[in-house]
Amino acid sequence: MINVRDYFKNKKEKKEKGNRISYLEKIKSHKFMIFYRSVLLFALVAAAVAVMLIQWNNKIYTQCVTVSSIETGKPQNGNLAAFSEYILTYSKDGASCMDGKGNAVWNETFEMQNPMVDICRDVAAIGDYNGRSIYIMNTAGSLGEITTNRPIRNFCVAANGVVAVILDDSGLTYIYLYDKNGKELVRIRTTMKDSGYPFSISLSPNGKLLCVSYLFVDSGELKSSVAFYNFGEVGQNQTDNYVSGYDYLDVVVGYTRFLDEKTLFAVSDDRIMFFEGEQKPISISERLLNEDIQKIYYGKDNVGLVFNSMDGNSRYRLDVYQKTGELSLSIGFDMEFTDIVFAEDQIIIYNESECQVYNMDGLEKYSGYFEKAVYALIPTQTAYRYILVTADSIDTIELK
C-alpha cells in the first residue's frame, strides 16, 4: 500500500534536488563563460598591442621637424660632450654645462694644457694630461677637485664620484683611487717587471670594481693582462684587492669599459672580450677579429665596433654586440661619421650634415640631412626626439 504523504514528499525532494543541480550547473556554466570571455578579451588586447608594437618597430620616418630652437654660441676651441641630457663644454680655460633649452647650469674656470674628460652617467671628470689636477662635476655643479703629486697619464670616474688615476714616476707607475673631495682611498704600485704598464683602466659605476689592462714583456714575448680589483668586502682579504685576471699572448688590450656594475668589455687588436661578475668577474665570451677596428662605441646594453667594409656594398660596417658577447647585427653604411650613439632601441650614426637612425633589428628608420651644421646630437627620454648643438643654437628635433 502506497503512503500518499511519503510519495509526494519523495517527489518534492527529487524535484528540489534536481533544481539544486540545475542551479549549480548554471552557476558553473556562468563562471566558465566569464573566464572564457576574460581569456578571449586578454588575447585580443595582447594581439592588438603586439600589432601596434610591430607597426611601431617597423615605422619609417620621412621628415625631421624642429620642435624648438634657442640661440646660443659654441665657445671657441671648445669640446662638446653629451652629459646625460645636458651639454658639457670644456677647453683649456674651463668647463660649462647647459640644459637642453640653452640655460647655463654651471661654469668652472681652470687652466689646463691638455684637458681630457671621462663621463659616467651624470658625473664627469676633467683632468689635465701630464698635469696634476682633476675636477669632478655632476649635472648640478661642482663635486670636488683632486690634486695629484705625480703627472696624470689616464683616469676614469665612477657614478659616485670616485676617480681612478694612472700617475707616472721615473721607473714606477701608480694607480690611485680618490674620492670626489680628493681624499686618497687606494694606492697600487706597478712596475714593468712585476705587473706591467697600466695601459687602460675602467671603474664600475658604483666604484666597487676596477679593471686594469697591463702591457708587459715576458721572456721576450709581448703580453697583456686584464686584472680585476674589488674594493668591497670580498677584496679586502686579497693582496692589493686583486680578485681575478686573464693573460693574452702577443696582443695589446687597449680599451676596457664597464657597461654596468657587473659587466665589462675589453678590446684588443685581434679580439673583443666580455666579463661578468659583481665580486670576481670571469670571462663569459671572447670573439677573435680578423679586421682592423676603426672605432669603438658603446651604450648601456650594447657595444659597437666599426670596420672598413670588405663586401664592396658599403664603405663601413658596424658590428653590434650584446653585453652577453653575442653578435646581434651588422649594419653597412657609406656615410663619413663623427659619432655613433646607442639610445634605448636606436642606433644613430651622424656627422655635421646628416644622420641615419636604425633600430636594434637593423631596420633603417630614418635617413636625412640637418638644416645646420651639427656639433653634437643628444637623445632625449622621448623616443626619436633629439637635442642638436649647432654653432649658434640648441635645437630640439623630432622625427615624423
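The present account deals with the structure reproduced in this document. None of these values were measured; they are calculated from a predicted model.

### Some remarks on the state of the cysteines
Then step 1. Using the criterion set out here, one finds zero disulfides in the structure.
Then step 2. Here Cys-64 stays unpaired: no disulfide links it, and the sulfur of Cys-355, its closest cysteine neighbor, is 6.7 Å away.
Then step 3. Classification of Cys-64 by relative accessible area gives partly exposed; the value is 27%.
Then step 4. Just so you know, Cys-211 is unpaired, no disulfide at all, and the nearest cysteine sulfur is the one on Cys-156, 9.4 Å from it.
Then step 5. Taking the relative accessible area as the measure of exposure, Cys-211 reaches 0% and is therefore buried.

### Overview of the side chain of Arg-271
Then step 1. Topologically, Arg-271 is positioned in strand 20 (residues 271–276).
Then step 2. A distance of 2.9 Å separates the side chain of Arg-271 from the side chain of Asp-270, its partner in a polar contact.
Then step 3. Side-chain polar atoms of Arg-271 contact the side chain of Glu-286, separated by 2.7 Å.
Then step 4. If near-sequence neighbours (up to four positions away) are discounted, Arg-271 is found in contact with Tyr-248, Val-251, Ala-266, Glu-286, Arg-287, Leu-288 and Leu-289.

### Here's the deal with the pairing of strand 8 (residues 133–138)
Then step 1. Within strand 8, five of the six residues are buried, which leaves the element mostly enclosed by the surrounding structure.
Then step 2. Sheet topology note: the strand 7 (residues 123–128)/strand 8 ladder contains five bridges and is antiparallel. Looking at the pairing, Ile-126 lines up with Tyr-135 of strand 8.
Then step 3. Taking the residues between adjacent antiparallel strands as the criterion, strand 7 and strand 8 are bridged by four residues, where Asn-130 takes a positive phi near 70°.

### Describing the nonpolar core
Then step 1. Ile-348, Tyr-350, Val-357, Phe-370, Leu-377, Tyr-386 and Leu-399 are the most contacted members of the largest nonpolar core, which totals 23 residues.
Then step 2. Elements supplying a minimum of two residues to this core: strand 26 (339–343), strand 27 (346–350), strand 28 (354–359), strand 30 (374–379), strand 31 (385–390) and strand 32 (393–399).
Then step 3. Among all residues touching Ile-348, those that are not within four sequence positions of it are Asp-339, Ile-340, Val-341, Ala-343, Gln-356, Val-357, Leu-377, Pro-379 and Tyr-386.

### Here we look at a negative patch on the surface
Then step 1. A surface patch of like charges, here negative, comprises Glu-221, Asp-250, Asp-269 and Asp-292.
Then step 2. Tracing the sequence through the fold places Asp-269 in the loop between strand 19 (263–268) and strand 20.

### A short note on the environment of Ile-152
Then step 1. Position of Ile-152 relative to the elements: it lies in strand 10 (residues 152–157).
Then step 2. A relative accessible area of 0% means that Ile-152 is categorised as buried.
Then step 3. Expressed as a C-alpha distance, the spacing of Ile-152 and Gly-127, which sit 25 residues apart in the sequence, is 7.9 Å.
Then step 4. What Ile-152 contacts, discounting residues up to four positions off in sequence, is Asp-128, Tyr-129, Asn-130, Gly-131, Arg-132, Ser-133, Ile-134, Val-165, Ile-166 and Leu-167.

### So, the packing of aromatic side chains
Here the distance between the centres and the angle between the planes together describe a pair of aromatic rings.
Then step 1. Here the structure, examined in full by the defined rule, presents 15 aromatic pairs.
Then step 2. Ring geometry for Phe-274 against Tyr-321: centres 6.2 Å apart, planes inclined by 40°, an arrangement best described as tilted. Placement of the pair is Phe-274 in strand 20 and Tyr-321 in strand 24 (residues 316–322), with a sequence separation of 47 residues. Of the two residues, Phe-274 and Tyr-321, both sit in the buried class.
Then step 3. Taken together through their ring pairs, the aromatic side chains of Tyr-255, Phe-265, Phe-274, Tyr-298 and Tyr-321 make up a single cluster.
Then step 4. When the ring centre of Tyr-174 is taken as origin, the NZ or CZ atom of Arg-150, which lies over that ring, is 4.2 Å away.

Rules behind the numbers
Per chain, the residues get numbers from 1 upward, laid out in the order the sequence is written. Owing to the predicted nature of the model, reporting of local features is limited to residues with pLDDT of at least 70; listing and counting of side-chain atom pairs is limited to 80 or more, with chain, interface and lining totals taken over all residues. With hydrogens and water stripped out, all remaining heavy atoms of the structure feed into the side-chain values. The disulfide criterion is simple: two cysteine sulfur atoms within 2.5 Å. For every residue, the accessible area (1.4 Å probe, protein chains only) is compared with the maximum for its type, and the residue is labelled buried under 20%, exposed over 50%, or partly exposed between those bounds. Here a strand is any run of E in DSSP of at least two residues, a helix any run of H or I of at least four, and the numbering for each starts at the N terminus. Between N or O atoms, a polar contact is any pair within 3.5 Å; within protein, one atom must be a potential hydrogen donor and the other a potential acceptor, and residues adjacent in sequence are included only when both atoms are from side chains. It only takes one pair of heavy atoms within 4.5 Å for two residues to be counted as in contact. If DSSP finds at least two bridges between two strands, the strands pair. Definition used in this section: a nonpolar core is a set of buried Ala, Val, Leu, Ile, Met, Phe, Trp, Tyr and Cys residues joined via side-chain atoms within 4.5 Å. A patch is a set of surface residues, each over 30% in relative accessible area and not in a salt bridge, joined within 9 Å for like charges and within 5 Å for the nonpolar side chains Val, Leu, Ile, Met, Phe, Trp and Tyr. Methods summary: accessible areas were calculated by the Shrake-Rupley approach with a probe of 1.4 Å, and residue burial reflects only the protein chains presented. Whenever a carboxyl oxygen of Asp or Glu lies within 4 Å of a side-chain nitrogen of Lys or Arg, that contact is scored as a salt bridge. Positive charge is attributed to Lys and Arg, negative charge to Asp and Glu, and no charge count is given to His or to the chain ends. The atoms used to mark charge sites are NZ of Lys, CZ of Arg, CG of Asp and CD of Glu. When the centres of two rings from Phe, Tyr and Trp lie within 6.5 Å, Trp using its six-membered ring, the rings pair. Their planes under 30 degrees apart give stacked, over 60 give edge-to-face, and anything left gives tilted. By definition here, charges over rings are those cases where NZ of Lys or CZ of Arg is within 6 Å of the ring centre and within 35 degrees of the ring normal.

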